Amino acid sequence: VVPEKRAVRGGRTVPVPFAEIQPAQRGLARDPLLFVKGGNGSGLKVLQRHPELGEALAREARVIFVDHRGSAPWATPHMACESYPEGLDAANVKAEPAKVEACRSHLAARRDLNLYGPWESAQDLRDLRLALGLPRWDVYGVSYGTTIAQRLLTVDGEGIASIVLDGMSGADSN
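Described below are features of the structure shown in this document. Note that this is a predicted model, so its numbers are computed, not measured.

Regarding the pairing of strand β6 (residues 137-142)
On any regular strand, side chains alternate: one points to one face of the sheet, the next to the other face.
Okay, so step 1: As paired elements, strand β4 (residues 33-36) and β6 share four bridges and run parallel to each other. Directly across from L33, in β6, lies its bridge partner D138.
Okay, so step 2: Of the strand pairs in this sheet, β6 and strand β7 (residues 160-166) are connected by six bridges, and their pairing is parallel. Paired with V142 across the strands is D166, a residue of β7.
Okay, so step 3: Each parallel crossover has a hand, and for β6 linked through helix α5 (residues 144-156) to β7 it is right-handed.

Now the structure itself:
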């Protein structure tokens, strides 16, 4: 659990749902691997739908899958709307602009959407690393997860052993 707004002491908190897969080979001295998903941000959904990916990644290292704050369905509050029950994937070319705006307006009425961006998610990941007692980890970012991984490099560079940006989003994307 992390502060929703870090500048406010004693304010609301948000969970950072995550799952760990232990390596198939014990006793390896490799740094853990953090999997940072793009799209709607649900790494746990990827793990649920494709457990073979988790198994493949965990052959030689502990792997951590995480949901970004606001990701549907496990993060609370989750940023989902009736039109987009799994959360809005900004890359969805079939998304109807009117429905996207209605969803954004619905969410903005409930939460400050500025608290659910890549900088906040990067700080959440730093807090997760520290809570897990990890001195450092390898980071694998996919799509929009590359934007969060780039922010993580800025806020927690000393905690990153290596970083892979797969299907990179621009450094200035939000």
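Picking up after the structure, the text goes on.
Some thoughts on the packing of aromatic side chains
Pairs of aromatic rings are described using the distance from one ring centre to the other and the angle between the two planes.
Okay, so step 1: Under the counting rule described, the total for this entry stands at two aromatic pairs.
Okay, so step 2: Measuring from ring centre to ring centre gives 4.9 Å for F35 and F65, while their planes differ by 40°; the resulting arrangement is tilted. Linking F35 in strand β4 with F65 in strand β5 (residues 63-66), this pair joins segments that are 30 residues apart in sequence. The pair formed by F35 and F65 is uniform in burial state, with each residue classed as buried.
Okay, so step 3: Their ring planes at 25° and their centres at 5.9 Å tell us that F35 and Y140 sit as a pair that is stacked. Within this pair, whereas F35 is found in strand β4, its partner Y140 is found in strand β6, the two being separated by 105 residues in sequence.
Okay, so step 4: Overall, F35 belongs to the buried group, its relative accessible area being 6%.
Okay, so step 5: R69 extends its terminal NZ or CZ atom over the ring of Y116, reaching a point 5.6 Å from the ring centre.

Overview of the sheet that holds β6
Okay, so step 1: Here we have five strands laid out as an open sheet, ordered β3-β5-β4-β6-β7, and mixed in their pairing. Each end of this open sheet is capped by a strand with a single partner; those strands are β3 (18-21) and β7. Each strand axis lies, on average, 20° off the axis of its neighbour in the sheet, ignoring direction.
Okay, so step 2: Bridge count between β3 and β5: four bridges; the pairing is antiparallel. Across the sheet, E20 pairs through a bridge with I64, a residue of β5.

Comments concerning the environment of A108
Okay, so step 1: Relative to the assigned elements, A108 resides in helix α3 (residues 97-110).
Okay, so step 2: The partly exposed category is assigned to A108, whose relative accessible area is 34%.
Okay, so step 3: Along the chain, A108 and A80 lie 28 residues apart, while their C-alpha atoms are 12 Å from each other.

A few points about α5
Okay, so step 1: Between the first and last C-alpha of α5 there are 18 Å, a value that for 13 residues agrees with the 18 Å anticipated at 1.5 Å per step.
Okay, so step 2: Of all 13 residues making up α5, 10 are buried, and the element is well covered by its neighbours.
Okay, so step 3: Those residues of α5 not exposed but buried are Y144, G145, T146, T147, I148, A149, Q150, R151, L152 and D156.
Okay, so step 4: Lining the buried residues of α5 we find β4, α4 (118-131), β6 and β7.

Topic: the side chain of R129
Okay, so step 1: Mapped onto the secondary structure, R129 falls in helix α4.
Okay, so step 2: One polar contact links the side chain of R129 to the main-chain carbonyl oxygen of L134, over a distance of 2.6 Å.
Okay, so step 3: At a separation of 2.7 Å, a polar atom in the side chain of R129 contacts the side chain of D156.
Okay, so step 4: Sequence-distant contacts of R129, defined by excluding residues within four places in its chain, comprise L134, P135, R136, W137, D156, E158 and G159.

About the thresholds
Residues numbered from 1 in each chain as written. Predicted model: local features only at pLDDT ≥ 70, side-chain atom pairs only at ≥ 80, totals over all residues. Heavy atoms only, no water. Pairing = 2+ DSSP bridges. Helix = DSSP H or I, 4+ residues; strand = E, 2+ residues; numbered from the N terminus. Right-handed = clockwise from strand over helix to strand, strands pointing away. Phe/Tyr/Trp six-rings, centres within 6.5 Å; stacked < 30°, edge-to-face > 60°. Buried < 20%, exposed > 50% of the residue type's maximum accessible area, 1.4 Å probe, protein only. Lys NZ or Arg CZ within 6 Å of the ring centre and 35° of its normal. Axes fitted to C-alpha atoms, helices over the stretch in contact; angles between N-to-C directions. Expected span 1.5 Å × (residues − 1). Contact = heavy atoms within 4.5 Å. Polar contact = N/O pair within 3.5 Å; in protein donor to acceptor, adjacent residues only side chain to side chain.

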